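An overview of the molecular structure
One letter stands for each residue in the lines below.
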Amino acid sequence: MTKTEERIKQLNKNIKETCARCGRDPAEVKLVIVTKSAQFEAVKDVINLGYTELGENHVQQLKKVAAQIDEYFEGDESNKKKKVRWHMIGHLQRNKVRQVLPFCCMIHSLDTLRLAEEINTAGAKLNFQAKVLLQINASEEPQKYGVPVGAAIHLAEQIVTMPNLKLCGLMTMAPLTRDKKIIRRCFVRARELFEEMKGEKIVGPEFTELSMGMSGDYEEAIEEGATILRIGSAIFAG
Ligand SMILES: *Cc1c(COP(=O)(O)O)cnc(C)c1O
């Protein structure tokens, strides 16, 4: 067993145990494996193990790893490279939208009206509906990306009118702290906003995803309702 395999096994065990503890079905919790800190060897391991939902937070890096995967799995009969689905999880500049959109299955980091308009325009040119998550700054840290909680509903209302965007849920990042109470408060806030948007029918039936939880805080995220975990260093670090 490779180190990568061992770590994924342990991660899945923890996810399962956490779900059992809070009465959730582990099938409701999807894993996006964040490759930004990974050696390509380890990325290959992950794909060979059947994990194909991958995430990157920089456009250039996403394109680079996608090209490496293409090259490596060229001619592979099981067509592994075709199954890889990319999630853009990091801050996205408007001038990079057109480059990255054809590569990714979901953008987690939509946080301004202007970015929404740009993605909508690019989606129209490519003739598809881009799946997006609204990134919220649930911890209200001033230096952080994400729309403030108080402005999220208004922005969501604007996004749902755009024909080439599909608003599929919310994303948030907890503050960098060891204080689990602060982390949990951030996740609770995101979940409450998520429920409010659904309850008030601001969003459609495709609004199902709550992307939160990273290597250091995924257990709290699961307990507070995450449907997508974004995990990197727990699998790749060291
Ligand atoms: C790097 C990153 C992650 C993964 O973080 P780890 O702590 O390595 O698991 C998740 N989400 C975003 C937005 C990131 O940039």
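Residues numbered from 1 in each chain as written. Predicted model: local features only at pLDDT ≥ 70, side-chain atom pairs only at ≥ 80, totals over all residues. Heavy atoms only, no water.

Some remarks on the pattern of salt bridges
A pair can form between side chains of opposite charge whenever their charged atoms are brought close. Evaluated as defined, the whole model comprises 13 salt bridges. In this structure, Arg 189 engages Glu 140 in a salt bridge whose closest nitrogen and oxygen atoms are separated by 3.4 Å. Pair noted here: Arg 189 is in helix H8 (residues 180-199) and Glu 140 is in the loop between strand E5 (130-137) and strand E6 (147-148), with a separation of 49 residues, a long-range link. Owing to a relative accessible area of 38%, Glu 140 belongs among the partly exposed residues under this scheme. One continuous salt-bridge network, built from bridges that share partners, spans Arg 21, Arg 184, Arg 191, Glu 219, Glu 223 and Glu 224. (Salt bridge = Lys/Arg side-chain N within 4 Å of Asp/Glu carboxyl O. Helix = DSSP H or I, 4+ residues; strand = E, 2+ residues; numbered from the N terminus. Buried < 20%, exposed > 50% of the residue type's maximum accessible area, 1.4 Å probe, protein only.)

Some words on the pairing of strand E2 (residues 53-56)
On any regular strand, side chains alternate: one points to one face of the sheet, the next to the other face. Note: strand E1 (residues 30-34) against E2, two bridges, orientation parallel. If you follow Val 34 over to E2, its bridge partner there is Gly 55. In this structure, E2 lies alongside strand E3 (residues 85-88), joined through four bridges in parallel fashion. Counterpart to Leu 54 in the pairing with E3 is Trp 86. (Pairing = 2+ DSSP bridges.)

Notes on the pairing of E1
Among the five residues of E1, four are classified as buried, and the element is accordingly described as predominantly covered. Sheet analysis places E1 next to strand E9 (residues 228-231), joined by four bridges and oriented parallel. Looking at the pairing, Leu 31 lines up with Leu 229 of E9. Between the parallel elements E1 and E2, the chain passes through helix H2 (residues 40-48) in a crossover that is right-handed. (Right-handed = clockwise from strand over helix to strand, strands pointing away.)

Some points on a negative patch on the surface
On the surface, a cluster of negative charge is made up of Glu 157, Glu 192, Glu 196 and Glu 200. With respect to the helices, strands and loops of the structure, Glu 200 is situated in the loop between H8 and strand E8 (209-211). (Patch = residues over 30% accessible without salt bridge, like charges linked within 9 Å, V, L, I, M, F, W, Y side chains within 5 Å. Areas by Shrake-Rupley, 256 points an atom, 1.4 Å probe, with all protein chains shown as cover. Lys, Arg positive; Asp, Glu negative; His and termini not counted. Charge placed at Lys NZ, Arg CZ, Asp CG, Glu CD.)

A word on the packing of aromatic side chains
For the structure on display, the rule yields three aromatic pairs. A ring pair is formed by Phe 40 and Tyr 72, whose centres lie 6.2 Å apart and whose planes are at 80 degrees; its orientation type is edge-to-face. Linking Phe 40 in helix H2 with Tyr 72 in helix H3 (residues 59-72), this pair joins segments that are 32 residues apart in sequence. Judged by relative accessible area, which is 42%, Tyr 72 ranks as partly exposed. Taken together, Phe 40, Tyr 72 and Phe 73 form an aromatic cluster joined through their ring pairs. (Phe/Tyr/Trp six-rings, centres within 6.5 Å; stacked < 30°, edge-to-face > 60°.)

Focus: the site of the ligand
Close to the ligand lie Val 34, Lys 36, Asn 57, Ile 89, Met 173, Met 214, Ser 215, Arg 230, Ile 231, Gly 232 and Ser 233, which account for all nearby residues. Take Lys 36: an N or O atom from its side chain is 2.8 Å from an oxygen atom of the ligand. Arg 230 is positioned with one of its side-chain polar atoms (N or O) 2.9 Å from a nitrogen atom of the ligand. One can see that the ligand is located within the largest pocket. (Near = heavy atom within 4 Å. Polar contact = N/O pair within 3.5 Å; in protein donor to acceptor, adjacent residues only side chain to side chain. 1 Å grid on protein atoms, 1.4 Å probe; cavity = no way out; pocket = protein on both sides within 12 Å on 5 of 7 lines; lining within 4 Å. Sits in = over half its atoms within 2 Å of the grid points.)

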